[in-house]
Amino acid sequence: MPARNMVLIWFLSRRPLLKNSKPYTRHASLRIRTRWIWARFLTTPFSRRFWKKPSNWKITTASYSITCILRYELKTLRDSRGKLPDYCPDLKTVETIRSRCIRERRIALTDEALTICAAAGLQPVKDMLIKNETVPGKIPLRYPLAVKLVSRDASHKSDVGGVAVNIRNKKQLSETLALMKDKIQKLVNPPTIDGYLLQEMAPAGIECFVGGRRDPAFGPVIVAGLGGIFIEIFKDTSIRLAPVTSHEAAAMMKELKAYPLLQGARGKSPADSQALIDIICRTSALLAACPEITEIDLNPVIVHPEGQGASIVDARIFFQEPAGT
């Protein structure tokens, strides 16, 4: 066992020593606001340099001691994050869709975003794209179905009445498509109709959210939390730098207030947490491997009971605009 040293830190004030100390104290599990703290850290290179000076055997300044402890805590966290999964997204598919979007000066359509998800090893629900309201003679999908508007002008389809669910048969599907088109065309600024996406209805489960964006300061970051309509209401999310390991993805889930729901609250079956961890890892790997992707949203991700996986129902992906546009 390495030698352990004790540092007695005396605080002359109850006020935080750092102007914005909350993130640091939370990260290192310290309580800066207390008067006395016994801080213990292992003999690391920076602490060995510190102890070589005889004067430092006396009570030292709190700021330097906290700096040493924070550095050690950060190193411990980095060493315990585990090994990154060996995920290899199909970058050729991503580049093909990106080039098409840049050429046509539009965002990625819903079906294209789901295709990119599949290229990253994610599993969207089974779907089919149709270009107009005419129902094909044969649909290789099982009822009930969901219908979603595919439009370059409407990334939030529900805001323009572009979502219908629980369609039980072909007749109801035909009526739904006609009604959806009529409703959209009556809007003040009707969006362009690029088609309709038919999807099999996913089994019931817990709606979660997995997404990410490219931060100008920190680079790619991954976010996960409670999804569906609850993401903007409860704002229950956890964030990490991408890519993440399965250990970090599991830690993200445990930080959520909704984590007891995934564990099985009030006698309900626990959700398939491992499937959600895999989606978080693969999404972070996609974001890290494709610098052209500026933002990705998978919402909702329906997590089914344990052993039954998870279903990606909807996705939005935004690409970086080329220079000079």
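Here the structure is shown first, and the text comes after it.
This report concerns the structure included in the present document.

Calculation criteria
- Residues numbered from 1 in each chain as written.
- Predicted model: local features only at pLDDT ≥ 70, side-chain atom pairs only at ≥ 80, totals over all residues.
- Heavy atoms only, no water.
- 1 Å grid on protein atoms, 1.4 Å probe; cavity = no way out; pocket = protein on both sides within 12 Å on 5 of 7 lines; lining within 4 Å.
- Points joined across faces, edges and corners; volume = space filled by probe spheres on them.
- Nonpolar A, V, L, I, M, F, W, Y, C, P; charged D, E, K, R; others polar.
- Domains from an automatic or database assignment.
- Helix = DSSP H or I, 4+ residues; strand = E, 2+ residues; numbered from the N terminus.
- Polar contact = N/O pair within 3.5 Å; in protein donor to acceptor, adjacent residues only side chain to side chain.
- Core = buried A, V, L, I, M, F, W, Y, C linked by side-chain atoms within 4.5 Å.
- Buried < 20%, exposed > 50% of the residue type's maximum accessible area, 1.4 Å probe, protein only.
- Contact = heavy atoms within 4.5 Å.
- Pairing = 2+ DSSP bridges.
- Axes fitted to C-alpha atoms, helices over the stretch in contact; angles between N-to-C directions.
- Expected span 1.5 Å × (residues − 1).
- Arc of directions from axis to C-beta.

Here we take up empty space enclosed by the protein. Summed over all chains, the structure comprises three cavities of 30 Å³ or more. In this structure, the largest cavity is lined by 14 residues; those nearest its centre are I107, A108, T110, S155 and R316. The residue makeup of the lining of the largest cavity, split by class, is nine nonpolar, three polar and two charged. When residues are assigned to domains, the lining of the largest cavity turns out to be shared by domain 1 (81–125 + 202–324) and domain 2 (126–201), each giving three or more.

As a further point, take the side chain of D215. Position of D215 relative to the elements: it lies in strand β7 (residues 206–215). A polar side-chain atom of D215 sits 2.8 Å from the main-chain amide nitrogen of A217.

In this structure, L276, I280, I293, L298 and F319 are the most contacted members of the largest nonpolar core, which totals 44 residues. The leading source of residues in this core is helix α10 (residues 273–289), at eight residues. What I280 contacts, discounting residues up to four positions off in sequence, is V210, I222, A224, V244, A249, M252 and M253.

The sheet built from four strands is open, its strands ordered β3-β6-β4-β5 with antiparallel pairing. If you trace the sheet from one side to the other, it starts and ends with β3 (127–130) and β5 (163–167), each paired once. Here the strands of the sheet are splayed against their neighbours by 20° on average, with no regard to which way each runs. When strand β4 (residues 145–150) meets β5, the two strands line up antiparallel, connected through three bridges. Directly across from L145, in β5, lies its bridge partner I167. On top of the sheet, helix α5 (residues 110–119) reaches β3, β4 and β6 (195–200); it is set at about 45° to β6, its chief contact. Relative to β5, helix α6 (residues 170–185) is tilted by about 165°, and along the sheet it contacts β3, β4, β5 and β6.

So, on to helix α4 (residues 91–104). If you check α4, its first and last C-alpha atoms are 20 Å apart, about what 14 residues at 1.5 Å a residue would give, namely 20 Å. Within the span of α4, buried status applies to V94, I97, R98 and C101. In an axial view of α4, the angular spread of the buried residues amounts to 100°, which keeps them on one side of the axis. Of the exposed residues in α4, the ones pointing more than 90 degrees away from its buried face are K92 and R103. On the buried face of α4, the contacting elements are α5, α10, β10 (293–303) and β12 (315–319). R105 occupies a position one or two residues after α4 and carries a positive phi of about 55°.

These figures capture arrangement, not role.
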